[in-house]
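Descriptive analysis of the structure
The chain contents come next:
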Amino acid sequence: MTQSNIVMQEKALTSAEEEPPSAAISETEEPPSSKSTIGSENRKRFFGHVTEGNWKDWRWHFRNRITTIDELSKFIPLSGKEQSRLKLVATKYPFAVTPHYLTLINVDDPNDPIRKQAIPSFDEIGLVGMGQEDPLEEARDSLVPGLVQRYPDRALMVLTDICPMFCRHCTRKREWKNGGWVRKAAEIETMLDEIRRRKIIRDVIISGGDPLTLSTHRLEEVISKLRQIEHVEIIRIGTRFPVVLPQRIDDELCAMLSKYGPIWLNTHFNHPNEITPESAAACDKLLRSGIPVNNQSVLLRGVNDSVDTQMKLCQGLLKTKVRPYYLFQADEVQGTEHLRTTVEAGLKIIEGMRGYTSGIAIPTYVVDLPGGGGKVPLQPEYLISQTGDTLTFRNYQGRIFHYREPKLIGQSPPKNGQRNGRKTRSVLTQLMLFTEEEKVRDENRAVVRS
Ligand code: SF4
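Cut-offs and rules
- Residues numbered from 1 in each chain as written.
- Predicted model: local features only at pLDDT ≥ 70, side-chain atom pairs only at ≥ 80, totals over all residues.
- Helix = DSSP H or I, 4+ residues; strand = E, 2+ residues; numbered from the N terminus.
- Buried ≥ 20, exposed ≤ 12 C-beta atoms within 10 Å, placed from the backbone.
- Contact = placed C-beta atoms within 7 Å.
- Pairing = 2+ DSSP bridges.
- Axes fitted to C-alpha atoms, helices over the stretch in contact; angles between N-to-C directions.
- Core = buried A, V, L, I, M, F, W, Y, C linked by C-beta atoms within 7 Å.
- Expected span 1.5 Å × (residues − 1).
- Arc of directions from axis to C-beta.

**Overview of the overall build of the protein chain**
Along the backbone of the protein chain there are 17 helices and 15 strands. When the 450 residues of the protein chain are sorted by exposure, 43% land in the buried category. When contacts within the protein chain are restricted to residue pairs at least 6 apart in sequence, those whose partners lie at least 24 apart make up 82%.

**Concerning the pairing of strand E13 (residues 400–404)**
On a regular strand, one side chain projects to one face of the sheet and the next to the other, so that they alternate. Across the 5 residues of E13, 0 count as buried, placing the element largely on the outside. Following strand E12 (residues 390–394), the chain reverses through 5 residues before pairing antiparallel with E13; Gly398 in that reversal takes a positive phi of roughly 90 degrees.

**Re the environment of Gly355**
Counting through the fold element by element, Gly355 comes out in the loop between helix H16 (343–353) and strand E9 (364–369). The sequence separation of Gly355 and Asn395 amounts to 40 residues, and the corresponding C-alpha distance is 8.4 Å. Sequence-distant contacts of Gly355, defined by excluding residues within four places in its chain, comprise Asn395, Tyr396 and Gln397.

**A closer look at the sheet that holds E12**
Spatially, the 3 strands line up as an open sheet ordered E11-E12-E13, and their pairing is antiparallel. On the outer flanks of this sheet lie strand E11 (383–387) and E13, each paired with one strand and no other. Each strand of the sheet is rotated relative to its neighbour by a mean of 25 degrees, with strand direction disregarded. Examined bridge by bridge, E12 and E13 share 5 bridges and lie antiparallel to one another. By the bridge assignment, Thr392 is partnered in E13 with His402.

**A short note on unusual backbone geometry**
Along the chain, Gly261 connects to Pro262 via a cis peptide bond; the corresponding omega equals 0 degrees. By secondary structure assignment, the location of Pro262 is in the loop between helix H13 (251–258) and strand E6 (263–267). In this structure, Lys321 is a non-glycine residue whose phi angle is positive, near 70 degrees. The residue Lys321 is located in the loop between helix H15 (307–319) and strand E8 (323–329) in this model. According to the C-beta neighbour criterion, Lys321 is partly exposed, with 16 such atoms within 10 Å.

**Description of the nonpolar core**
One finds Val97, Ala155, Met157, Met165, Phe166, Val204 and Ile206 to be the most contacted residues of the largest nonpolar core, which totals 73 residues. The biggest single contributor to this core is helix H14 (residues 277–288), with 5 residues. Excluding its chain neighbours within four sequence positions, the residues that come into contact with Phe166 are Pro94, Phe95, Ala96 and Trp176. Counting residues in hydrophobic clusters, the runner-up holds 13 residues, among them Val298, Leu299, Leu339 and Leu378.

**Points about the sheet that holds strand E4 (residues 203–207)**
Read from one edge of the open sheet, 10 strands run E1-E2-E3-E4-E5-E6-E7-E8-E9-E10, paired in mixed fashion. Two strands close off the open sheet at either side, each with one partner strand: strand E1 (142–144) and strand E10 (374–378). Looking at chain direction, E1 and strand E2 (residues 147–148) are connected through 2 bridges and run antiparallel. The residue of E2 that forms the bridge with Ser142 is Val148.

**Brief notes about helix H11 (residues 216–227)**
The end-to-end C-alpha separation of H11 is 16 Å, in line with the 16 Å expected for 12 residues at 1.5 Å each. Those residues of H11 lying buried are Thr216, Arg218, Leu219, Val222 and Ile223. For H11, the buried positions fall inside an angular range of 165 degrees around the axis, keeping them on one side.

**Side note on the environment of Leu212**
One can find Leu212 in the loop between E4 and H11. As a C-alpha pair, Leu212 and Leu253 span 41 residues in sequence and 9.2 Å in three-dimensional space. When sequence neighbours within four positions are dropped, the list of residues in contact with Leu212 reads Thr239, Phe241 and Arg248.

Below you can see the structure in the form of structure tokens.
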């Protein structure tokens, strides 16, 4: 996306809006949050002149996104060489960061984990040839433009490709150069007709881009019509607004969503420093409106690829009453190689958490298979062998335990190394691939990215 695309985005947004939002975030009770004071310090330092009313107005943040390297260099020290290189990166992969998210960056630390998610890196174009533009082959399975059905009972509605921020690890960064569109009313009606016709669809995911870039009124037009379709049982929304522009979660939006439940919201926190009083208040507001909030993070090198960071993130989310749902292995996306980790690193993180914190704080670690293969859950191996009807496990401390299988009346006992005619190794492989917490089904992958 070029600078003119960014201007187009803002025009598209403006034309979609009727009035500025009230954006009245309740601060009557202090939400749980990280102890970091960077946000408030940077707000005073860089945005001290901005009125409280504007700071609480999500449209103000959207209009004042930082989208050029020249602007960025007023906030973050960048050498002349860095500026030239980042300008080059931005011609291929543009950037936009909201004032709210910018304040979370420690501007003096080039390795700051928030910075790595928002600010371009020369590695995006330096590691050319690594990865694919569309590794998950999303550009297929469309029933009509904007409506994707990859699995029988679910459908994905893509209402816009506009996002409040361009996350550097985004699986859809290939789209940025074409960005700035919102589906027209007639296109949305065609999508709805298709859903009405396909009675098997019981779960509709509204995603993007980020669907909350639409005005509340416009969003309601879609959600209210979906809710009138009898076979649509649940509606899900994928959005990163609670993290990068939490002011969007205002009273008006929550009041609207609360009329059309059950609605579930999936968001995308990647680091504990993103859990701020504002983002926690946004999640709290959604929950009080009857909207359960789940989190889907991406494992990113130098951002959250340690047990300590994941522990703080997931425990912080629970304090915010948000469920850590998925931890994604980063996809093989062109322009993101520098942020990817190995699967081994992910497994070690899950192993380092299991047993040391509540099970509810441990997300399901998944790889979204290239070529549209769907999500595969991964976890460390705890079942280490089987002899006859005895299974041998190790626990989180490495201690060994034996478990006897039940006697199955009327069936021959398994031979050593075999179970139900299948070799032990096959059983182990299956157990590795399917988590004990939940069997992750092959949901439409687009749900999982906001
Ligand atoms: S789709 Fe999600 S990950 Fe990609 S830029 Fe938008 S908010 Fe970020």
